[in-house]
Amino acid sequence: MHRRVVLIPGLLCTEAVWARQAEALARGSPAVGSRPAVPPAAVTVVNVAAGSWTSMEGLALSILREVPGDERFSVAGLSMGGYAALALLRAAPERVERLALVSSQARGDSAQTRSRREALMAMARSEGALDGVMELQAPLLLAPGLGSDSELAKDPGSALSTVLEMAQSTGIDDFCRQQVAIAGRRDQRDLLPRVRVPSLVLCGRQDALIPFAVHQQVAAALASSPGLEPDALSPVTKPPASRGGTSAEAPARANAGGAAAAAADAGAADAPGTAGERSTLMLRVLEECGHLPTIERPDETTQALFDWLALPTADGPTALLP
(Lines give C-alpha, C1' and ligand atoms only; values in the text may rest on other atoms or scores of the structure.)
Protein backbone atom coordinates (compact mmCIF):
# COMPACT_ATOMS: atom_id res chain seq x y z
CA MET A 1 0.00 0.00 0.00
CA HIS A 2 1.45 3.38 -1.03
CA ARG A 3 1.89 6.00 1.65
CA ARG A 4 -0.40 9.01 1.25
CA VAL A 5 1.08 12.47 0.68
CA VAL A 6 -1.19 15.53 0.71
CA LEU A 7 0.10 18.70 -1.00
CA ILE A 8 -1.75 21.98 -0.31
CA PRO A 9 -1.29 24.99 -2.64
CA GLY A 10 -1.08 28.61 -1.55
CA LEU A 11 -3.06 31.77 -2.19
CA LEU A 12 -3.85 32.31 -5.89
CA CYS A 13 -2.28 28.94 -6.68
CA THR A 14 -3.75 25.92 -8.41
CA GLU A 15 -2.54 22.32 -8.39
CA ALA A 16 0.06 23.47 -10.96
CA VAL A 17 2.20 24.89 -8.16
CA TRP A 18 2.90 21.32 -6.97
CA ALA A 19 2.87 19.62 -10.40
CA ARG A 20 6.56 18.73 -10.60
CA GLN A 21 6.67 17.42 -7.06
CA ALA A 22 3.42 15.46 -7.35
CA GLU A 23 4.66 13.68 -10.46
CA ALA A 24 8.02 12.83 -8.89
CA LEU A 25 6.59 11.61 -5.57
CA ALA A 26 4.14 9.37 -7.42
CA ARG A 27 7.10 7.74 -9.20
CA GLY A 28 9.29 7.39 -6.12
CA SER A 29 13.06 7.70 -6.00
CA PRO A 30 15.78 5.04 -6.21
CA ALA A 31 18.61 4.82 -3.71
CA VAL A 32 21.44 7.14 -4.70
CA GLY A 33 24.66 7.18 -2.70
CA SER A 34 23.78 7.64 0.97
CA ARG A 35 20.19 8.54 0.16
CA PRO A 36 17.76 5.61 0.61
CA ALA A 37 15.12 4.66 -1.93
CA VAL A 38 11.72 6.30 -1.45
CA PRO A 39 8.79 4.20 -2.70
CA PRO A 40 6.03 5.70 -4.86
CA ALA A 41 3.42 7.67 -2.96
CA ALA A 42 -0.31 8.08 -3.38
CA VAL A 43 -0.37 11.84 -3.94
CA THR A 44 -3.34 14.12 -3.32
CA VAL A 45 -2.96 17.71 -4.52
CA VAL A 46 -5.72 19.75 -2.93
CA ASN A 47 -7.90 21.91 -5.17
CA VAL A 48 -8.13 25.00 -2.96
CA ALA A 49 -10.67 26.57 -5.31
CA ALA A 50 -13.17 23.80 -4.61
CA GLY A 51 -15.80 23.85 -1.91
CA SER A 52 -17.25 26.74 0.05
CA TRP A 53 -14.81 26.92 2.98
CA THR A 54 -14.19 30.38 4.42
CA SER A 55 -11.62 29.55 7.10
CA MET A 56 -8.44 27.54 7.46
CA GLU A 57 -10.35 25.17 9.73
CA GLY A 58 -12.93 24.71 7.00
CA LEU A 59 -10.24 23.95 4.43
CA ALA A 60 -8.62 21.48 6.84
CA LEU A 61 -11.91 19.64 7.36
CA SER A 62 -12.50 19.44 3.61
CA ILE A 63 -9.06 17.85 3.21
CA LEU A 64 -9.79 15.32 5.93
CA ARG A 65 -12.97 14.35 4.09
CA GLU A 66 -10.99 13.94 0.87
CA VAL A 67 -8.40 11.54 2.31
CA PRO A 68 -9.87 8.04 2.64
CA GLY A 69 -11.11 6.76 6.00
CA ASP A 70 -8.78 7.08 8.97
CA GLU A 71 -5.64 6.82 6.81
CA ARG A 72 -2.57 8.61 8.16
CA PHE A 73 -0.70 10.83 5.73
CA SER A 74 2.21 13.21 5.27
CA VAL A 75 1.11 16.80 4.63
CA ALA A 76 3.06 19.59 2.93
CA GLY A 77 1.61 23.07 2.67
CA LEU A 78 2.89 26.00 0.63
CA SER A 79 2.27 29.44 2.17
CA MET A 80 -1.53 29.45 2.73
CA GLY A 81 -1.30 25.68 2.42
CA GLY A 82 0.98 25.69 5.46
CA TYR A 83 -1.68 27.56 7.44
CA ALA A 84 -4.15 24.85 6.43
CA ALA A 85 -1.64 22.13 7.35
CA LEU A 86 -1.33 23.54 10.86
CA ALA A 87 -5.11 23.80 11.20
CA LEU A 88 -5.33 20.19 10.06
CA LEU A 89 -2.65 19.17 12.56
CA ARG A 90 -4.63 20.79 15.38
CA ALA A 91 -7.93 19.28 14.25
CA ALA A 92 -6.70 15.72 13.64
CA PRO A 93 -3.18 15.09 14.99
CA GLU A 94 -3.86 11.35 14.86
CA ARG A 95 -4.02 11.55 11.06
CA VAL A 96 -0.71 13.38 10.45
CA GLU A 97 2.40 11.28 9.88
CA ARG A 98 4.78 14.05 8.73
CA LEU A 99 4.62 17.85 8.47
CA ALA A 100 6.24 20.12 5.88
CA LEU A 101 5.86 23.91 5.94
CA VAL A 102 7.02 25.48 2.67
CA SER A 103 7.28 29.28 2.56
CA SER A 104 4.88 29.46 5.50
CA GLN A 105 4.61 30.59 9.10
CA ALA A 106 2.61 29.95 12.25
CA ARG A 107 1.73 33.44 13.47
CA GLY A 108 -1.56 35.13 12.66
CA ASP A 109 -1.97 38.32 10.66
CA SER A 110 -1.24 41.70 12.17
CA ALA A 111 -3.81 44.49 11.81
CA GLN A 112 -1.56 46.10 9.19
CA THR A 113 -1.39 42.91 7.14
CA ARG A 114 -5.15 42.46 7.30
CA SER A 115 -5.57 46.01 6.03
CA ARG A 116 -3.32 45.24 3.07
CA ARG A 117 -5.39 42.17 2.27
CA GLU A 118 -8.58 44.23 2.38
CA ALA A 119 -7.03 46.78 0.01
CA LEU A 120 -6.07 44.05 -2.47
CA MET A 121 -9.58 42.60 -2.36
CA ALA A 122 -11.09 46.03 -2.93
CA MET A 123 -8.76 46.60 -5.88
CA ALA A 124 -9.71 43.28 -7.48
CA ARG A 125 -13.43 43.94 -7.07
CA SER A 126 -13.28 47.53 -8.31
CA GLU A 127 -11.22 46.61 -11.38
CA GLY A 128 -13.16 43.44 -12.09
CA ALA A 129 -9.87 41.66 -12.70
CA LEU A 130 -6.70 40.53 -10.92
CA ASP A 131 -4.31 42.38 -13.25
CA GLY A 132 -3.64 45.20 -10.79
CA VAL A 133 -3.26 42.78 -7.90
CA MET A 134 -0.76 40.66 -9.80
CA GLU A 135 1.22 43.70 -10.90
CA LEU A 136 1.80 44.35 -7.21
CA GLN A 137 2.08 40.75 -6.01
CA ALA A 138 4.07 38.95 -8.70
CA PRO A 139 7.36 40.73 -7.87
CA LEU A 140 6.92 39.63 -4.24
CA LEU A 141 6.26 36.00 -5.13
CA LEU A 142 9.46 35.28 -7.04
CA ALA A 143 13.15 35.96 -6.60
CA PRO A 144 14.24 39.54 -7.39
CA GLY A 145 13.84 40.38 -11.06
CA LEU A 146 11.81 37.30 -11.97
CA GLY A 147 8.37 38.64 -11.10
CA SER A 148 8.40 41.80 -13.20
CA ASP A 149 10.04 40.72 -16.46
CA SER A 150 7.57 41.20 -19.32
CA GLU A 151 9.47 38.76 -21.54
CA LEU A 152 9.34 36.04 -18.90
CA ALA A 153 5.60 36.58 -18.62
CA LYS A 154 5.32 35.47 -22.26
CA ASP A 155 7.49 32.37 -21.77
CA PRO A 156 5.15 29.43 -21.04
CA GLY A 157 7.94 27.62 -19.23
CA SER A 158 8.79 30.41 -16.82
CA ALA A 159 7.82 30.64 -13.17
CA LEU A 160 6.21 34.04 -13.80
CA SER A 161 4.02 32.65 -16.58
CA THR A 162 2.87 29.88 -14.24
CA VAL A 163 2.08 32.41 -11.50
CA LEU A 164 -0.03 34.55 -13.84
CA GLU A 165 -1.87 31.54 -15.28
CA MET A 166 -2.69 30.25 -11.80
CA ALA A 167 -4.04 33.65 -10.76
CA GLN A 168 -6.24 33.82 -13.84
CA SER A 169 -7.58 30.34 -13.11
CA THR A 170 -8.30 31.25 -9.49
CA GLY A 171 -10.39 34.33 -10.27
CA ILE A 172 -11.59 37.19 -8.11
CA ASP A 173 -14.18 35.36 -6.01
CA ASP A 174 -11.84 32.60 -4.87
CA PHE A 175 -9.01 35.08 -4.36
CA CYS A 176 -11.18 37.10 -1.99
CA ARG A 177 -12.48 34.00 -0.21
CA GLN A 178 -8.93 32.79 0.36
CA GLN A 179 -7.83 36.20 1.62
CA VAL A 180 -10.70 36.32 4.14
CA ALA A 181 -9.75 32.85 5.42
CA ILE A 182 -6.08 33.77 5.71
CA ALA A 183 -6.79 37.07 7.48
CA GLY A 184 -8.99 35.32 10.04
CA ARG A 185 -6.70 32.39 10.71
CA ARG A 186 -5.71 31.35 14.20
CA ASP A 187 -2.22 31.96 15.53
CA GLN A 188 -0.72 28.44 15.64
CA ARG A 189 2.62 29.15 17.30
CA ASP A 190 1.65 27.17 20.38
CA LEU A 191 1.56 23.98 18.28
CA LEU A 192 5.16 24.07 17.10
CA PRO A 193 6.91 23.06 20.36
CA ARG A 194 4.55 20.05 20.58
CA VAL A 195 5.21 18.54 17.16
CA ARG A 196 6.75 15.05 17.32
CA VAL A 197 6.61 13.82 13.72
CA PRO A 198 9.30 14.24 11.02
CA SER A 199 9.15 17.88 9.97
CA LEU A 200 10.50 20.00 7.13
CA VAL A 201 10.78 23.79 6.95
CA LEU A 202 11.63 24.79 3.38
CA CYS A 203 12.11 28.37 2.17
CA GLY A 204 13.80 30.60 -0.36
CA ARG A 205 16.50 32.92 0.92
CA GLN A 206 14.98 35.79 -1.09
CA ASP A 207 11.36 35.30 0.02
CA ALA A 208 9.92 38.83 0.06
CA LEU A 209 6.56 37.88 1.58
CA ILE A 210 7.77 35.84 4.56
CA PRO A 211 11.31 36.94 5.46
CA PHE A 212 14.02 34.37 6.11
CA ALA A 213 14.14 35.37 9.78
CA VAL A 214 10.53 34.21 10.18
CA HIS A 215 11.38 30.80 8.70
CA GLN A 216 14.26 30.59 11.17
CA GLN A 217 11.82 31.32 13.99
CA VAL A 218 9.49 28.55 12.82
CA ALA A 219 12.38 26.08 12.72
CA ALA A 220 13.66 27.22 16.12
CA ALA A 221 10.22 26.74 17.69
CA LEU A 222 9.97 23.25 16.18
CA ALA A 223 13.49 22.50 17.45
CA SER A 224 12.31 23.36 20.96
CA SER A 225 9.95 20.38 20.88
CA PRO A 226 11.16 17.48 23.04
CA GLY A 227 10.02 15.24 20.19
CA LEU A 228 12.21 16.73 17.44
CA GLU A 229 15.94 16.87 16.74
CA PRO A 230 17.42 18.99 13.90
CA ASP A 231 19.50 17.04 11.40
CA ALA A 232 23.14 17.83 10.70
CA LEU A 233 22.35 19.92 7.60
CA SER A 234 19.86 22.21 9.32
CA PRO A 235 21.08 25.69 10.32
CA VAL A 236 19.21 25.52 13.63
CA THR A 237 20.21 24.07 16.98
CA LYS A 238 18.15 22.54 19.74
CA PRO A 239 17.94 24.93 22.72
CA PRO A 240 19.39 23.72 26.03
CA ALA A 241 17.06 21.98 28.44
CA SER A 242 15.31 24.43 30.73
CA ARG A 243 12.61 24.39 33.36
CA GLY A 244 11.47 27.83 32.28
CA GLY A 245 8.90 26.67 29.70
CA THR A 246 8.80 27.73 26.06
CA SER A 247 8.25 30.74 23.87
CA ALA A 248 6.81 29.38 20.65
CA GLU A 249 8.41 30.71 17.48
CA ALA A 250 10.73 32.86 19.56
CA PRO A 251 13.11 35.09 17.57
CA ALA A 252 16.07 33.04 16.37
CA ARG A 253 19.61 34.00 17.31
CA ALA A 254 22.78 33.16 15.45
CA ASN A 255 25.32 31.01 17.28
CA ALA A 256 29.06 30.96 16.73
CA GLY A 257 28.67 28.53 13.85
CA GLY A 258 26.04 30.59 12.08
CA ALA A 259 23.14 28.38 13.15
CA ALA A 260 19.93 29.61 14.74
CA ALA A 261 18.50 28.71 18.12
CA ALA A 262 15.32 29.52 19.97
CA ALA A 263 15.36 31.95 22.85
CA ALA A 264 13.51 29.48 25.04
CA ASP A 265 13.00 25.76 25.52
CA ALA A 266 10.03 23.43 25.42
CA GLY A 267 11.18 21.54 28.49
CA ALA A 268 13.71 18.88 29.42
CA ALA A 269 15.03 16.88 26.47
CA ASP A 270 14.66 13.70 28.49
CA ALA A 271 10.98 14.29 29.27
CA PRO A 272 9.10 11.04 29.89
CA GLY A 273 8.25 9.23 26.71
CA THR A 274 10.55 11.35 24.54
CA ALA A 275 14.12 10.34 25.31
CA GLY A 276 15.58 8.40 22.43
CA GLU A 277 12.34 8.76 20.47
CA ARG A 278 12.87 12.06 18.71
CA SER A 279 11.89 12.54 15.10
CA THR A 280 14.02 14.55 12.69
CA LEU A 281 13.59 18.23 11.87
CA MET A 282 14.91 19.51 8.53
CA LEU A 283 15.44 23.18 7.68
CA ARG A 284 16.35 23.67 4.02
CA VAL A 285 17.12 27.10 2.57
CA LEU A 286 17.23 27.52 -1.23
CA GLU A 287 19.44 30.27 -2.60
CA GLU A 288 18.31 32.65 -5.37
CA CYS A 289 14.73 31.65 -4.61
CA GLY A 290 11.67 33.60 -3.53
CA HIS A 291 8.28 32.60 -2.12
CA LEU A 292 7.48 29.77 -4.56
CA PRO A 293 10.32 27.22 -4.43
CA THR A 294 8.14 24.49 -5.95
CA ILE A 295 8.27 26.30 -9.30
CA GLU A 296 11.40 28.42 -8.86
CA ARG A 297 13.64 25.56 -7.67
CA PRO A 298 11.55 22.47 -8.47
CA ASP A 299 14.35 19.90 -8.42
CA GLU A 300 15.80 21.05 -5.09
CA THR A 301 12.30 21.20 -3.60
CA THR A 302 11.51 17.69 -4.80
CA GLN A 303 14.75 16.32 -3.34
CA ALA A 304 13.98 17.94 0.02
CA LEU A 305 10.56 16.26 0.00
CA PHE A 306 12.12 12.88 -0.82
CA ASP A 307 14.59 13.32 2.07
CA TRP A 308 11.67 14.20 4.35
CA LEU A 309 9.67 11.16 3.25
CA ALA A 310 12.70 8.93 3.85
CA LEU A 311 12.79 9.88 7.54
CA PRO A 312 11.54 7.23 9.98
CA THR A 313 8.06 7.93 11.27
CA ALA A 314 7.40 8.54 14.94
CA ASP A 315 5.97 5.85 17.17
CA GLY A 316 2.72 6.75 18.86
CA PRO A 317 -0.87 7.54 17.95
CA THR A 318 -0.62 11.31 17.46
CA ALA A 319 1.58 13.96 15.84
CA LEU A 320 1.46 16.21 18.91
CA LEU A 321 2.90 15.88 22.39
CA PRO A 322 0.47 16.65 25.23
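Going by the structure above, here's the rest.
Residues numbered from 1 in each chain as written. Predicted model: local features only at pLDDT ≥ 70, side-chain atom pairs only at ≥ 80, totals over all residues. Heavy atoms only, no water.

Caption draft 1: Just the packing of aromatic side chains, in detail. Applying the stated rule across the entire model yields 0 aromatic pairs. For the cation-ring pair, Arg-185 lies above Tyr-83, with the distance from its terminal atom to the ring centre recorded as 3.9 Å. Sitting above the plane of the Phe-212 ring, Arg-205 keeps its charged end 4.6 Å from the centroid. (Phe/Tyr/Trp six-rings, centres within 6.5 Å; stacked < 30°, edge-to-face > 60°. Lys NZ or Arg CZ within 6 Å of the ring centre and 35° of its normal.)

Caption draft 2: Spatial organisation of the environment of Val-133. Tracing the backbone shows Val-133 in helix 5 (residues 131-141). Given the relative accessible area of 0%, Val-133 is considered buried. Remark: the alpha-carbon pair of Val-133 and Met-121, spanning 12 residues in sequence, is separated by 8.4 Å. Those residues in contact with Val-133 that sit more than four places away from it in its chain are Leu-120, Met-123, Ala-124 and Phe-175. (Helix = DSSP H or I, 4+ residues; strand = E, 2+ residues; numbered from the N terminus. Buried < 20%, exposed > 50% of the residue type's maximum accessible area, 1.4 Å probe, protein only. Contact = heavy atoms within 4.5 Å.)

Caption draft 3: Geometry of the sheet that holds strand 4 (residues 96-102). With parallel pairing, 7 strands are arranged side by side in an open sheet as 2-1-3-4-5-10-6. At either margin of the open sheet sits one strand with a lone partner, and together these are strand 2 (41-45) and strand 6 (228-230). Taking each pair of neighbouring strands and ignoring which way they run, the sheet shows an average axis angle of 20°. In the sheet, strand 6 pairs with strand 10 (residues 279-286) via 3 bridges, with the strands oriented parallel. Across the sheet, the residue bridging to Glu-229 is Thr-280, located in strand 10. Contacting strand 1 (3-8) and strand 2, helix 1 (residues 19-27) runs over the sheet at an angle of about 160° to strand 2. With respect to the sheet, helix 8 (residues 212-223) is in contact with strand 4, strand 5 (199-204), strand 6 and strand 10, its orientation differing from that of strand 5 by roughly 170°. (Pairing = 2+ DSSP bridges. Axes fitted to C-alpha atoms, helices over the stretch in contact; angles between N-to-C directions.)

Caption draft 4: Representation of the nonpolar core within the structure. Ile-8, Met-56, Leu-89 and Leu-99 are the most contacted members of the largest nonpolar core, which has 48 residues in total. At the level of secondary structure, the elements contributing two or more residues to this core comprise strand 1, helix 2 (56-66), strand 3 (73-78), helix 3 (80-91), strand 4, helix 7 (159-183), helix 8 and strand 10. With 8 residues, helix 3 is the largest single contributor of residues to this core. When sequence neighbours within four positions are dropped, the list of residues in contact with Met-56 reads Met-80, Tyr-83, Ala-84, Ala-87, Ala-181, Ile-182 and Arg-185. Ranked by size, the runner-up nonpolar core spans 44 residues in total, among them Ala-76, Ala-124, Leu-200 and Cys-289. (Core = buried A, V, L, I, M, F, W, Y, C linked by side-chain atoms within 4.5 Å.)

Caption draft 5: Main features of the pattern of salt bridges. The final tally for this structure, using the stated rule, is 13 salt bridges. For the salt bridge of Glu-23 with Arg-27, the shortest nitrogen-to-oxygen distance reads 3.4 Å. Note that Glu-23 and Arg-27 are positioned in helix 1 at a spacing of 4 residues, about one turn of the helix. Look at Arg-27 and you get exposed, because its relative accessible area is 56%. (Salt bridge = Lys/Arg side-chain N within 4 Å of Asp/Glu carboxyl O.)

Caption draft 6: Spatial organisation of unusual backbone geometry. Despite not being glycine, Ser-79 has its phi angle at roughly 55°, a positive value. Mapping Ser-79 onto the fold places it in the loop between strand 3 and helix 3. Not every positive phi belongs to a glycine, and Ser-103 is a case in point at roughly 50°. Counting through the fold element by element, Ser-103 comes out in the loop between strand 4 and helix 4 (111-127).

Caption draft 7: Molecular detail of the environment of Ile-63. Position of Ile-63 among the secondary structure elements: in helix 2. Given a relative accessible area of 0%, Ile-63 falls into the buried group. Ile-63 sits 18 residues away from Val-45 along the chain, and the two C-alpha atoms are 9.8 Å apart. The residues contacting Ile-63, other than those within four sequence positions of it, are Val-6, Ile-8, Val-46 and Leu-88.

Caption draft 8: Broad picture of helix 1. Buried within helix 1 are the following residues: Gln-21, Ala-22, Ala-24 and Leu-25. Buried residues belonging to helix 1 abut strand 1, strand 2, helix 9 (293-296) and helix 10 (298-309). Once helix 1 ends, the next one or two residues include Gly-28, with phi positive near 85°.

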